[in-house]
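Survey of secondary and tertiary structure
Letter by letter, the chains look like this.
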Amino acid sequence: MPAMTMVQSLNAAIDEALAGNDKVVAFGEDVGYFGGVFGVTRGLQEKYGLDRVFDAPINEAAIVAMGMGMAVNGLRPIAEIQFADYIFPGFDQVVSELSRIRYRSAGQYTAPLVIRTPCGGGIYGGQTHSMSPEAFFTHIPGVKVAMPSNPYDAKGMLLAAVEDDDPVIFFEPKRLYNGPFDGDPHKPATSWARHPRGEVPEGAYTVPLGVGEIVRPGSEVTVVAYGTMVHVANYAAEKTGVDAEVIDLRTLVPWDVDMVTASVKKTGRCVVLHEAPRTSGFGAELAAQIQEDCFYSLEAPVLRVTGWDTPYPHAHEWSYFPGPDRVGRALKQVMEG
Amino acid sequence: MSDKKADAVEEPNTGQQKVEAEAVERRTSKSELLKYYEDMLLIRRFEEKAGQLYGMGLIAGFCHLYIGQEAVVVGMQGAIEEGDQVITGYRDHGHMLACGMDPKGVMAELTGRKDGYSKGKGGSMHMFSRDKQFFGGHGIVGAQVPIGAGLAFANRYKENDRVSLTYFGDGAANQGQVYEAFNMAELWALPVVFIIENNQYAMGTSVKRASSEVHLHKRGASFAIPGEEVDGMDVLAVRDAGRRAVYDARRGEGPTILEMKTYRYRGHSMSDPAKYRTREEVQGVREKSDPIEHAKRMLLAADWASEDELKELDKSVKAVCQEAAQFSQDSPEPDPEELYTDVLAEA
Ligand SMILES: Cc1ncc(C[n+]2csc(CCOP(=O)(O)OP(=O)(O)O)c2C)c(N)n1
Ligand SMILES: [Mg+2]
């Protein structure tokens with residue numbers, strides 16, 4: 001199996017989707033001629049032509065809404081929003097139209113649109129290029145929300161998203177595009193080639209949405225994470241020596257409640273992680289559901305380690321980022337509690 | 001014999017020179033042109049320095065250089081009065097310097113330090129100065145356009161005679177909210193000038209690949225907003241068009257759209273290798289229409305400065321940028337506690 005970066009595996013997924021179904025089109029800002037600012041769609045316009053892989057003007061509202069129109073009318077569009085921070089001009093269309101078309105039409109129409117968008121910090125992007133806005137979307141009934149943490153999942157989940165009959169907001173942690181990142185910015189960058197999940201099979205395969213994965217079995221505390229924070233969680237567990245069971249949620253809506261609650265019932269302790277701000281973050285939903293389902297198994301309160309309740313600062317990026325030290329402290333705290 | 005030959009060669013030249021000198025004198029004055037030249041040079045040298053600091057790893061993240069477009073902001077600055085307002089997108093260093101903001105504070109924001117205009121919290125794309133009536137620095141493409149119209153609404157409401165200059169790019173010109181702002185600005189005759197800096201690319205996408213109507217000054221037609229195409233590489237042409245538009249805005253005639261035909265020499269941001277255009281294309285513009293070289297030729301033609309004097313000026317401008325660079329490294333990082341301030345008013 002070839003080793004791939006996440007950029008390459010996403011490219012391979014879009015390539016497979018385009019090859020396998022002539023209803024699939026891919027578009028967005030700088031997606032066609034330029035091949036995407038991170039290179040995810042590189043080479044695809046040459047291969048599939050201008051009709052299927054094309055540039056959009058800087059029009060997030062219309063990118064989302066035209067994508068919906070295409071999807072409702074039989075296509076399987078893969079739209080790119082260049083950075084997740086730019087999605088908000090299209091947010092109204094996601095909330096008011098895209099998410100409700102199935103419900104509103106009593107199932108006559110569905111919108112199998114995939115919106116891919118890079119998210120998260122770690123590249124000194126400051127407040128308009130670092131956001132993790134997943135919780136805005138998990139709050140909308142009628143869209144699925146996914147965020148892979150490695151090249152293997154990225155390809156399989158993206159193909160599953162394209163096959164899915166409902167809209168999927170597909171977040172791609174940009175800090176993971178070219179290598180796993182454990183939250184320590186001072187270590188030399190590592191490559192996906194040396195990570196087991198950097199091995200990506202050729203051809204089409206899917207990783208089902210809604211199914212999490214235990215990426216590190218353990219007995220003392222359950223850590224629920226997704227995206228970049230999965231790698232931070234593994235590193236923090238290793239550094240502290242706490243026998244943590246790390247769950248990569250992979251999909252946030254619908255999330256794998258059974259996997260998480262079974263684990264928490266086993267360990268009796270839980271820490272949830274995300275890079276986004278704390279207040280009303282997805283961690284709040286996780287913690288609430290976990291205490292409802294696992295209250296009598298819990299030995300300690302469910303803790304959250306998250307970004308701060310501020311915009312992403314330009315200076316001190318690594319104070320904002322919930323890195324391995326902060327996660328490690330929470331692991332120790334929950335063990336004492 | 002040899003004397004005679006020299007005369008014969010020189011005479012038409014002197015004549016030509018005289019014509020050129022007169023042409024320049026008709027358009028501007030010595031002090032004005034020298035100031036424009038210096039202001040443009042400051043932006044160019046500042047940006048070159050910022051590029052260097054970026055290369056040395058002292059500036060991180062995004063950094064969008066303004067090199068090539070200097071005549072636009074400097075010419076427009078020559079069209080407004082003290083107290084008028086400016087708002088723009090993320091390619092904002094030139095606008096700030098043209099507004100008279102301190103190069104030290106701008107550079108220190110680029111390096112994310114305490115003495116930066118946003119105390120290190122904003123970075124290259126997000127800087128402000130109440131003192132200079134500069135309203136940012138906005139990283140979200142097009143977002144500043146309705147905000148600029150809103151500034152104008154407040155000015156009209158307060159009857160303070162102030163005009164707001166609202167800058168955006170050719171790519172931003174496609175954002176839907178731009179047109180919502182156009183309609184309201186004309187409907188309410190707001191004192192705003194919309195300046196489209198058409199540098200022909202939005203990141204890797206050229207205007208013709210993204211715009212059905214590539215003459216962007218026509219984009220106001222269906223809102224009854226007059227538009228004008230301007231040679232954005234000629235600081236005096238910019239100033240003249242700017243003065244007309246500002247005059248109209250100030251006396252209640254509503255907005256004008258000025259499409260500045262310009263060009264950025266560098267990549268979209270520091271991380272852009274600019275593979276979507278050829279080296280020759282960039283080189284061609286630099287050689288034919290560089291705004292600073294153009295101003296220099298005018299200064300020399302009018303005999304308002306000598307080559308040596310301009311070299312001296314360049315030295316002093318470089319010294320200012322060097323000082324800013326030093327300052328931006330000496331200034332400490334903000335206290336981590338600073339990151340939690342200014343989210344809301346402190347209780
Ligand atoms: C809403 C939004 N969409 C996309 C982007 C990404 N982006 C940043 S600059 C840019 C190109 C803008 O080009 P233009 O308006 O021509 O300005 P220029 O960079 O040429 O000065 C794009 C697509 C963004 N910052 N915000
Ligand atoms: Mg442009």
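Keep in mind the model is a prediction, meaning the values are calculated, not measured. (Residues numbered from 1 in each chain as written. Chains lettered and ligands numbered in written order. Predicted model: local features only at pLDDT ≥ 70, side-chain atom pairs only at ≥ 80, totals over all residues.)

1. Quick look at the overall build of chain B
Put simply, the rule is: In this description a helix means any DSSP run of H or I spanning at least four residues, a strand means any run of E spanning at least two, and both kinds are numbered starting from the N terminus. Here the contact rule is simple: place C-beta atoms from the backbone, and any two residues whose C-beta atoms are within 7 Å are in contact.
Of regular secondary structure, chain B possesses 12 helices and seven strands. The C-alpha extent of chain B, read off along each of the three principal axes, is 90 × 50 × 40 Å. Within chain B, counting contacts between residues at least 6 apart in sequence, those at least 24 apart form 76% of the total.

2. Some points on the overall build of chain A
Across its full length, chain A carries 12 helices and 12 strands. With the C-alpha coordinates aligned to their principal axes, the bounding extent of chain A is approximately 60 × 45 × 40 Å. Restricting to contacts in chain A with at least 6 residues of sequence separation, those with at least 24 account for 77%.

3. Details of the nonpolar core
Under the convention used in this document: Only buried residues count toward a nonpolar core: Ala, Val, Leu, Ile, Met, Phe, Trp, Tyr and Cys, linked into one set through C-beta atoms within 7 Å. Counting other C-beta atoms within 10 Å of a residue's C-beta gives its exposure: the residue is buried at 20 or more, exposed at 12 or fewer, and partly exposed in between, where C-beta atoms are placed from the backbone.
Judged by nonpolar contacts, the single largest core of 204 residues is most densely connected at Val 223, Ala 233, Val 271 and Leu 273 of chain A. In terms of residues, this core owes the most to one element, helix 2 (residues 30-55) of chain B, which gives 10 residues. Residues in contact with Leu 273 of chain A, not counting those within four places in the same chain, are Val 223, Val 224, Ala 225, Met 229, Val 232, Ala 233, Val 305, Pro 322 and Val 327 of chain A.

4. Some details on the domain arrangement of chain A
Residues and elements named next belong to chain A. Selection criterion: Domains are outlined according to an automatic or database domain assignment. Throughout this entry, Asp, Glu, Lys and Arg are counted as charged residues, while Ala, Val, Leu, Ile, Met, Phe, Trp, Tyr, Cys and Pro are counted as nonpolar. The remaining residues, Gly among them, count as polar.
According to the domain assignment, chain A contains domain 1 (6-198) and domain 2 (213-336). The C-alpha-based centres of domain 1 and domain 2 are spaced at 25 Å. Across the boundary between the two partners, domain 1 contributes 31 residues, which contact 28 residues of domain 2. Elements with a minimum of two residues in the side of domain 1 that touches domain 2: helix 6 (134-138), strand 5 (144-146), helix 7 (151-163) and strand 6 (168-173). Looking at the side of domain 1 that touches domain 2, its residues break down into 15 nonpolar, 10 polar and six charged.

5. Considering the sheet that holds strand 10 (residues 251-253) of chain A
All names here are of chain A. As a reminder, the rule being used: One requirement defines pairing of two strands: DSSP has to find at least two bridges between them. With axes taken as lines fitted to C-alpha atoms, and helix axes fitted only over the stretch in contact, angles between N-to-C directions fall between 0 and 180 degrees.
Strand order across the open sheet formed by seven strands is 2-1-3-4-6-5-10, with mixed pairing between neighbours. Looking at strand neighbours, the two that pair on one side only are strand 2 (53-55) and strand 10, the edges of this open sheet. Recorded for the sheet is a direction-independent mean angle of 20 degrees between the axes of neighbouring strands. The sheet contact formed by strand 1 (residues 24-28) and strand 2 spans three bridges and is parallel.

6. Section: the interface of chain B and chain A
On the chain A side, the residues contacting the 33 residues of chain B number 28 residues. Among the residues making up the side of chain B that touches chain A, the classes are represented as 15 nonpolar, 15 polar and three charged.

7. So, the environment of Asn 160 of chain B
Residue and element names in this part refer to chain B. With respect to the secondary-structure elements, Asn 160 resides in the loop between helix 6 (144-158) and strand 2 (164-169). For Asn 160, a count of 11 C-beta atoms within 10 Å gives the class exposed. Through-space distance from the C-alpha of Asn 160 to that of Leu 42 is 31 Å; in sequence the pair is 118 residues apart.

8. Some thoughts on the packing of helix 2 of chain B against helix 12 (residues 307-330) of chain B
A pair of packed helices is captured by two measures, namely the crossing angle of their axes and the spacing between those axes. All names here are of chain B. The cut-off we apply is this: Convention used here: angles under 35 degrees read as roughly parallel, angles over 145 as roughly antiparallel, angles from 65 to 115 as roughly perpendicular, and any remaining angle as oblique. Each crossing gets its hand from how the near helix is turned against the far one by less than a right angle, where anticlockwise is left-handed and clockwise is right-handed.
Here helix 2 crosses helix 12 at 40 degrees, and the two axes come no closer than 9 Å. Relative to helix 12, the element helix 2 is oriented oblique. By crossing handedness, the relation of helix 2 to helix 12 is classed as right-handed. Along its contact with helix 2, which presents Glu 38, Leu 41, Leu 42, Arg 45, Phe 46, Lys 49 and Leu 53, the element helix 12 presents Leu 313, Asp 314, Val 317, Lys 318, Val 320, Cys 321, Ala 324 and Ala 325.

9. Quick notes on the environment of Leu 98 of chain A
Residue and element names in this part refer to chain A. When you line up the elements, Leu 98 lands in the loop between helix 4 (91-97) and helix 5 (101-104). Remark: the alpha-carbon pair of Leu 98 and Ala 65, spanning 33 residues in sequence, is separated by 7.5 Å. Apart from residues lying up to four places away in sequence, Leu 98 is in contact with Val 64, Met 68, Gln 93, Ala 111, Leu 113, Val 143 and Pro 167.

10. Overview of the sheet that holds strand 11 (residues 270-277) of chain A
Residues and elements named next belong to chain A. Strand order in the open sheet formed by five strands is 7-9-8-11-12, with mixed pairing between adjacent strands. The sheet terminates laterally at strand 7 (213-216) and strand 12 (303-307), the two strands that pair on one side only. Taking the axes of each pair of neighbouring strands and ignoring which way they run, one obtains an average angle of 25 degrees across the sheet. Summarising the sheet, strand 8 (residues 221-225) and strand 11 pair through three bridges and their orientation is parallel. Across the sheet, residue Val 224 finds its bridge partner in strand 11, namely Val 272. Along the sheet, helix 10 (residues 282-294) contacts strand 8, strand 11 and strand 12; its crossing angle with strand 11, the most-contacted strand, is approximately 160 degrees. Contacts from helix 12 (residues 324-336) reach strand 8, strand 9 (244-248), strand 11 and strand 12, with the element oriented near 170 degrees to strand 12.

11. Some details on the site of ligand 1
Which entries qualify depends on this criterion: We call a residue near a molecule or strand when the C-beta position, derived from backbone atoms, sits within 6 Å of it.
The environment of ligand 1 is made up of 20 residues, and the closest members are Tyr 86 of chain A together with Val 141, Gly 169, Gly 171 and Ala 202 of chain B. Mapping the residues adjacent to ligand 1 onto the chains of the assembly identifies chains A and B. Here the shell around ligand 1 is built from residues that sort into nine nonpolar, six polar and five charged.

12. Quick word on unusual backbone geometry
Omega for the bond connecting Val 253 of chain A with Pro 254 of chain A falls within 30 degrees of zero, at -5 degrees, which places this linkage in the cis form. Mapping Pro 254 of chain A onto the fold places it in the loop between strand 10 and helix 9 (257-267). Positioned with a positive phi, Asp 30 of chain A is a non-glycine residue whose angle comes to about 60 degrees. Relative to the assigned elements, Asp 30 of chain A resides in the loop between strand 1 and helix 2 (44-48). On the basis of neighbour counts, which here come to 25 C-beta atoms within 10 Å, the residue Asp 30 of chain A falls in the buried class. Here the phi dihedral of Met 203 of chain B falls at roughly 55 degrees; this positive angle occurs in a residue that is not glycine. Locating Met 203 of chain B in the fold gives a position in the loop between strand 4 (201-202) and strand 5 (205-206).

13. A closer look at the confidence of the model for chain B
Residue and element names in this part refer to chain B. Using the following cut-off: A residue's pLDDT is simply how confident the predictor is in it, with values from 0 to 100.
Residues at a pLDDT of 70 or more form 96% of chain B, whose mean pLDDT is 95. With pLDDT under 50 throughout, residues 1-8 is counted as low confidence; its partners more than four residues away or in other chains account for zero contacts. Both scores are given for the predicted complex: the pTM is 0.95, the ipTM 0.94.

14. Here's the deal with the pairing of strand 3 (residues 192-198) of chain B
Residues and elements named next belong to chain B. The test is simple: Clockwise travel from the first strand over the helix to the second, with the strands pointing away from the viewer, marks a crossover as right-handed.
Strand 3 sits mainly inside the fold: seven of its seven residues count as buried. The side-chain alternation of strand 3 yields two buried faces, one formed by Val 192, Phe 194, Ile 196 and Asn 198 and the other by Val 193, Ile 195 and Glu 197. Bridge count for strand 2 against strand 3 is six bridges, and the pairing is parallel. Within the sheet, the bridge partner assigned to Thr 166 lies in strand 3 and is Phe 194. Between the parallel elements strand 2 and strand 3, the chain passes through helix 7 (residues 176-187) in a crossover that is right-handed. Where strand 3 meets strand 7 (residues 256-261), six bridges bridge the pair, whose relative direction is parallel. The residue of strand 7 that forms the bridge with Val 193 is Thr 256.

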